[in-house]
Amino acid sequence: MLEEVERWLTRRSWSSGDRPLNRLTDAQDADPHRTSVSVVLPALNEEATVGAIVATIRRELMEKVRLVDELVVIDSGSTDATAAVARAAGARVVHRDAILPRVPALPGKGEVLWRSLLVTSGEIVCFVDADLRDFSADFVSGTVGPLLTDPGVQFVKAMYDRPLGNAAGQGGRVTELVARPLLNLHWPQLAGFVQPLGGEYAVRRSLLERLPFPVGYGVELGLLVDALHTVGLDALGQVDVGVRVHRHQDGQALGRMAAAIYRTAQLRLSRGHLVRPALTQFERGEDGFVPRTHAVDTEERPPMREIAEYAERHAA
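In this text the structure is predicted, and so the values were computed from the model without any measurement. Within every chain, residues take consecutive numbers counted from 1 along the sequence as written. Only residues with pLDDT of at least 70 get local features here, since the model is predicted, and only at 80 or more are side-chain atom pairs given and counted; chain-wide, interface and lining totals rely on the full set of residues. To get the side-chain values, take all heavy atoms of the structure and skip hydrogens and water.

## Regarding unusual backbone geometry
Here is the rule: Per the convention used, a helix needs a DSSP run of H or I reaching at least four residues, while a strand needs a run of E reaching at least two, with both numbered from the N terminus. Note on classification: 1.4 Å probe, protein chains only; a residue is buried when its accessible area is under 20% of the maximum for its type, exposed when over 50%, partly exposed between these limits.
For leucine 100, which is not glycine, the phi torsion reads 50° and is therefore positive. Tracing the backbone shows leucine 100 in the loop between strand E4 (92-95) and helix H5 (109-116). A residue is classified by how much of its surface remains accessible, and leucine 100, at 6% relative accessible area, is buried. With phi around 55°, aspartate 134 is a residue other than glycine that occupies positive phi space. Mapped onto the fold, aspartate 134 is located in the loop between strand E6 (132-133) and helix H6 (138-149).

Okay, structure coming up:
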């Protein structure tokens, strides 16, 4: 590990308990302009978990204390009761297709995160995945905390244990097999991030609006790498929030995720083009193995500040 990264680990890695809630709200109140916080949950068919997450954030961070100013669930086209459950729990729910309708929506998590900037106003934007179980408000307060108390910090990721079944620390398979090797080989300054692909992180809007967004699963890697090049390692941090329990993908879904992440890395390394941006996987059928070919996410959305509607909204 680079000496620079070892020093960064001692300066920019914290625990959620390092900044109690009262310290964070005091920091907000002491600011004449009061830094506002938006929490965004991208959701696709997450009726089983989204309600509890929304309810916890509202109760702990909006009602008991005023840390979070707005809580928005962006529905990616759910066919279950995700939107109704989230709304009943206290979130504002916006459908992905209702945001920037002149630009047809593409499928993918990154697309939803990008569009969320148009329907939120917080100076800090905190993203939280909607499939978490046993959710703790620390995922929000922990990642937001350094941004409220240290003006030099611009991007904070959550770090945590990811159990797989009954095995501790066995989650994050794409991280260990794809993302971590890529980062260590090509962006060694980012080798200190425990969960580089984690979906829980908080970022200053002034940085987010300057970054391109891969539309699919590569969004977390892309934002992290681009943030490094835009603001430097010392502006990045991570906070230990304990344990993350969520729904695990099957092996083939992980393969598609890995391909999208590799493609995102490749674009940033060379801005080249894949000869064939597709991934073929195999499923056993009645007559043997059947190939299934899936497109690899190759689209990226431009920095949000280049979108006319966004510029008009913030000029008003």
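Now that the structure has been shown, the text picks up again.
## Re the sheet that holds strand E7 (residues 155-161)
What counts, and what does not: Pairing between strands requires that DSSP locate at least two bridges from one strand to the other. A fitted line through C-alpha atoms represents every axis, and for helices the fit uses only the stretch in contact; the resulting angles, taken between N-to-C directions, go from 0 to 180 degrees. Pairs of residues are marked as contacts when any of their non-hydrogen atoms sit within 4.5 Å.
Pairing is mixed in the open sheet, where eight strands are placed in the order E1-E10-E7-E8-E5-E2-E3-E4. On the outer flanks of this sheet lie strand E1 (13-15) and E4, each paired with one strand and no other. Between one strand axis and the next, the sheet turns by 25° as a mean value, whatever way the strands run. Across four bridges, strand E5 (residues 124-127) lies against strand E8 (residues 201-204) in antiparallel orientation. Note on E8: the bridge partner recorded for valine 125 is valine 203. Its contacts with the sheet place helix H9 (residues 219-231) against E7, E8 and strand E10 (236-243), and it is angled at close to 135° to E7.

## Description of the pattern of salt bridges
When their charged atoms lie close together, side chains carrying opposite charge are able to pair. So the rule is basically this: Definition used for salt bridges: Asp or Glu carboxyl oxygen within 4 Å of a side-chain nitrogen of Lys or Arg.
Tallied over the entire structure, the rule returns 21 salt bridges. Between aspartate 150 and arginine 12 there is a salt bridge; the shortest N-O distance is 3.0 Å. A residue pair is termed long-range when its members are at least 10 positions apart, and aspartate 150 in the loop between H6 and E7 and arginine 12 in helix H1 (residues 3-12) qualify at 138 residues. What makes arginine 12 buried here is its relative accessible area of 6%. A salt bridge links arginine 34 to aspartate 69, with the nearest nitrogen and oxygen atoms 2.7 Å apart. With arginine 34 in the loop between helix H2 (21-30) and strand E2 (37-43) and aspartate 69 in the loop between helix H3 (50-63) and strand E3 (70-75), this residue pair connects regions lying 35 residues apart in the sequence.

## Digging into the packing of H3 against helix H4 (residues 82-89)
Where we set the bar: Geometric relationships in this document are graded by angle, where less than 35 degrees denotes roughly parallel, more than 145 denotes roughly antiparallel, 65 to 115 denotes roughly perpendicular, and other angles denote oblique. Whether a crossing is left-handed or right-handed is set by the direction in which the near helix is turned from the far one by less than a right angle, anticlockwise for left-handed and clockwise for right-handed. Here the nonpolar group is Ala, Val, Leu, Ile, Met, Phe, Trp, Tyr, Cys and Pro; Asp, Glu, Lys and Arg are the charged ones; every other residue, Gly included, is treated as polar.
H4 packs onto H3 with a crossing angle of 20° between their chain directions and a minimal axis gap of 8 Å. On the basis of the axis angle, H3 is roughly parallel to H4. Note on packing geometry: the crossing formed by H3 with H4 is right-handed. Where H3 approaches H4, its residues Val50, Gly51, Val54, Ala55 and Arg58 are matched on the opposing element by Thr82, Val85, Ala86 and Ala89. The residue inventory of the contact of H3 with H4, partitioned by class, reads six nonpolar, two polar and one charged.

## Comments concerning the UniProt feature "domain: Glycosyltransferase 2-like" (unreviewed entry) in the protein
This is how it is decided: UniProt positions are given in the numbering used here, feature names are shortened, and annotations may be inferred rather than shown by experiment.
Look at the UniProt record and you will see "domain: Glycosyltransferase 2-like" (unreviewed entry) annotated at residues 38-133. Within residues 38-133, the helical portion is 31% and the strand portion 23%, while the C-alpha atoms at the span's ends are 21 Å from each other.

## Re the packing of aromatic side chains
The criterion, for reference: Within 6.5 Å between ring centres, the rings of Phe, Tyr and Trp (the latter by its six-membered ring) count as paired, and their orientation is classed by plane angle as stacked under 30 degrees, edge-to-face over 60, tilted in between.
If you walk through the whole model with that rule in mind, you get five aromatic pairs. Note on tryptophan 8 and phenylalanine 193: the rings are 4.8 Å apart at their centroids and 45° apart in plane angle, and the pair reads as tilted. Note that tryptophan 8 is positioned in helix H1 and phenylalanine 193 in the loop between helix H7 (173-186) and E8, a separation of 185 residues in sequence. With respect to burial, tryptophan 8 and phenylalanine 193 carry one shared label: buried. Seen in terms of ring centroids, phenylalanine 127 and tyrosine 201 are 5.3 Å apart; in terms of plane orientation they differ by 65°. Their pairing is edge-to-face. On the criterion of sequence distance, the pair formed by phenylalanine 127 in strand E5 and tyrosine 201 in strand E8 is long-range, its members being 74 residues apart.

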